[in-house]
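# Architecture at a glance
Here is what each chain is made of, one letter per residue.
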Amino acid sequence: MSLRPLVEGDCGAVNPLMQLGGQFSRDVAHKDEGFAQAPFERHMRPEEQLVNEFLGNVAAPPQSFQMNALLQEMRDINLHGGAQQQQQQQQQEMAGQWSRDFAQQQQQQQQQPKMLHMQPQQQQLQHAQEFFDEPLITSQNFMAAPAPMMMMRSPYMAITAAPQQQQDHDAFFDNMETMETIRTPQVEDWISDYQREKEHSEQTATNFNEKFWQRLQDEWQKLAEENDHPWLSEYNENLDAYKEYEFAEQNPMSELPNAFEKGKEYLAKGDIPSAVLCFEVAAKKEPERAEIWQLLGVSQAENEMDPQGIAALKRAHDLQPENREVLMALAVCYTNESLQSNAVKMLSNWIEVHPQYKHLLIAYPQLQSDGSASSMASSLIGANKLRELQQVYLEAVRMQPAQVDANLQEALGVLYNLSGEYDKAVDCYRSAVQVDPQNAKLWNRLGASLANGSRSVEAVEAYQQALQLQPGFIRVRYNVGVCCMNLKAYKEGAEHLLTALTMQAHTNAARELPQATVGQSQHQMSESIWSTLKMVISLMGRSDLQGHVSDRNLEALNEAFKD
């Protein structure tokens, strides 16, 4: 007989064997509830034993929480915690004993009559040797070794014994502080040696840097004086942009008999480009006349042509080395071209040739020069040299505190612009314009210092004062255009720049003399103004005008900004 029908039900129903077990296990007499006694229970048959064994194999539902187990675990934690506290006390005693042994050992070494003093490097080698001479720590002797610094922690130490652990740490660091107070002579000597060695190293590095750069500067100076090095000779001859003045190829004033006097007339009327043309003719006729080169250089500087101005002023300085106006003009031009070293040299020469202040340079021999303006152009300058020269000028100002010297204030303003102290430069130029309020150059330099100090609105006001005194001051027109660009007034900035270019191109000389050509007008216009105009047009987003800028089509640009 097959047992399969007994253990399998039809379509998921209870099988016959389970039904039979239910009949036998049902408490019909309610014996489990206590309503009937069991004296009349019969003995269990083998089939009933089989059913009971089957039902006994059915697992009971799992219990998610057992309070008894949790209580037992907490009792175990308390027992381990007490043992851990006792262990921590033992470790604390061992740490204290270790500290006392170490201090006693230090005192014994101090009392020894012969103690060899070692340098810090030798002491470090000895400590390293002692470290490597110690026995190697392995897994067998690690736990057995009594290590006072090793804190054995159980998994429950953070819950039950945190206060005791903090006490252990406090006691240990108290012992360490006590040890630090014991300063032996050897420790003091080691600290002193370390400090001396550190100071010596720093001083050696400083001295080396100073000697190195001084030696390098002396060598370059020697090469410049001898001028025997082929590379240096080639640099001086071919790469000096300010060595020779470039005359206009087609000058309509070339046939004027009194070009110098005519140039001064144009300059008085504010027509700077026409004055430049006249002075060029005069300089060709009388190349050894310093006054012509001086006015030519100053006029080119006001015409926003600093490279040409520097070349002319250098020629005037060679002819008259003690001309303070030429020195000041050169210092300003070098500053505009970011040639700080040359600017400082010119200002040093200025005070050196001044009869009232030249004695102040006796205390600063490094500021004294040979009076030559033919050195190589350089933008490098030492901070000490600049500060010393500022100090010299301040001493000159203090010589006459009740009287303001406009020239001194102007030179100080240039020095403060070189050092980036624009607020101080503004104060100097304000003092200068109070003494000489009709000087358009001082108002222009005041505006430039304000603009450099990010005070563009105030700079525009100073530029307006300069233009009222000298409407044809082309550099001021250019500076106003730059200020407008910084204030994001791009249209107004472009208009000022175009005005400056128009004044350079359409001079009175071009209108009076029919032989003036377009090529001559192009030569008179400043490249820096064209570059700034191109930048302003880009910021305006007028890409359609970039072609006119590249072609130098001034008429088309003026037409575009007519409205």
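Residues numbered from 1 in each chain as written. Predicted model: local features only at pLDDT ≥ 70, side-chain atom pairs only at ≥ 80, totals over all residues. Heavy atoms only, no water.

### Thoughts on the packing of helix α21 (residues 456-469) against helix α22 (residues 474-486)
To keep it simple, the criterion reads: Here the axes come from fitting lines to C-alpha atoms, over the contacting stretch only for helices, and the angles between their N-to-C directions go from 0 to 180 degrees. Note on conventions: DSSP H or I runs of at least 4 residues are helices, E runs of at least 2 residues are strands, and numbering of each starts at the N terminus. Orientation is classified from the angle alone, with under 35 degrees giving roughly parallel, over 145 giving roughly antiparallel, 65 to 115 giving roughly perpendicular, and any other angle giving oblique. In this scheme the handedness of a crossing depends on how the near helix is turned from the far one: anticlockwise by less than a right angle means left-handed, clockwise means right-handed. For this analysis, residues touch if any pair of their heavy atoms sits within 4.5 Å. Put simply, Ala, Val, Leu, Ile, Met, Phe, Trp, Tyr, Cys and Pro go in the nonpolar bin, Asp, Glu, Lys and Arg in the charged bin, and everything else, Gly too, in the polar bin.
For the pair α21 and α22, interaxial distance at closest approach is 10 Å and the crossing angle is 160°. As judged from the angle between their axes, α21 and α22 are roughly antiparallel. As α21 packs across α22, the resulting crossing turns out to be left-handed. Note on element contacts: α22 touches α21 through Val476, Arg477, Asn479, Val480, Cys483 and Asn486, opposite Ser456, Ala459, Val460, Tyr463, Ala466 and Leu467. Per-class residue counts for the contact of α21 with α22 are eight nonpolar, three polar and one charged.

### Some words on a nonpolar patch on the surface
Put simply, the rule reads: A patch consists of residues exposed above 30% relative accessible area that lack any salt bridge, with like charges linked at up to 9 Å and nonpolar side chains (Val, Leu, Ile, Met, Phe, Trp, Tyr) linked at up to 5 Å. Throughout, the Shrake-Rupley method with a 1.4 Å probe supplies accessible areas, and for residues the shown protein chains are the sole cover considered. Each salt bridge in this description consists of a side-chain nitrogen of Lys or Arg and a carboxyl oxygen of Asp or Glu lying within 4 Å of one another. Note on classification: 1.4 Å probe, protein chains only; a residue is buried when its accessible area is under 20% of the maximum for its type, exposed when over 50%, partly exposed between these limits.
Side chains of Leu70, Leu71 and Met74 sit close together on the surface and give an oily, nonpolar patch of about 240 Å² of accessible area. Mapped onto the fold, Met74 is located in helix α4 (residues 67-111). A residue is classified by how much of its surface remains accessible, and Met74, at 44% relative accessible area, is partly exposed.

### A closer look at the packing of helix α20 (residues 440-452) against α21
One way to put it is that α20 packs onto α21 with a least axis distance of 8 Å and a crossing angle of 165°. Our classification of the angle between α20 and α21 gives roughly antiparallel. Here α20 and α21 pass one another in a crossing that is left-handed. Along the contact surface, α20 presents Ala440, Trp443, Asn444, Leu446, Gly447, Ala448, Leu450 and Ala451, while α21 presents Ser456, Glu458, Ala459, Ala462, Tyr463, Gln465, Ala466 and Leu469. Residues belonging to the contact of α20 with α21 are distributed by class as follows: eleven nonpolar, four polar and one charged.

### Concerning the pattern of salt bridges
It is possible for side chains of opposite charge to pair when their charged atoms get near one another. Taken as a whole and assessed by the stated rule, the structure comprises 19 salt bridges. Between Arg315 and Glu288 there is a salt bridge, with the nearest N and O atoms lying 2.9 Å from each other. Of this pair, Arg315 sits in helix α14 (residues 306-319) while Glu288 sits in the loop between α12 (272-285) and α13 (290-302); the two residues are 27 residues apart in sequence, bridging distant segments of the chain. Among the ionic pairs, Lys441 bridges to Glu302, the shortest N-O distance being 2.9 Å. In this pair, Lys441 sits in helix α20 while Glu302 sits in helix α13, placing the two residues 139 residues apart along the sequence. Judged by its relative accessible area of 6%, Glu302 is buried.

### As for the confidence of the model for the protein
Put simply, the test is: The score called pLDDT rates the predictor's confidence residue by residue, from a low of 0 to a high of 100.
Of the residues in the protein, 64% reach a pLDDT of 70 or more, and the chain-wide mean stands at 75. Note on residues 31-41: pLDDT under 50 across the span, and eight contacts to partners over four residues away in sequence or across chains. Predicted confidence is poor over residues 516-520, with pLDDT under 50, and the contacts of this stretch with residues over four places away or in other chains come to six contacts.

### With respect to α14
For the record, the criterion: For a helix, the expected span equals 1.5 Å multiplied by the residue count minus one.
Compared with the 20 Å implied by 1.5 Å per residue over 14 residues, the 20 Å span of α14 between its first and last C-alpha is a close match. Counting buried positions along α14 yields ten of 14 residues, so the element is predominantly enclosed. Along α14, the positions that sit buried rather than exposed are Asp306, Gln308, Gly309, Ile310, Ala311, Ala312, Leu313, Lys314, Ala316 and His317. Buried positions along α14 lie against α13, α15 (324-336) and α22.

### Regarding the environment of Ala500
Inspection of the secondary structure puts Ala500 in helix α23 (residues 490-505). Ala500 sits in the buried class, given a relative accessible area of 0%. For the pair Ala500 and Ile529, spaced 29 residues apart in sequence, the C-alpha separation works out to 7.9 Å. Apart from residues lying up to four places away in sequence, Ala500 is in contact with Ile474, Arg477 and Ile529.

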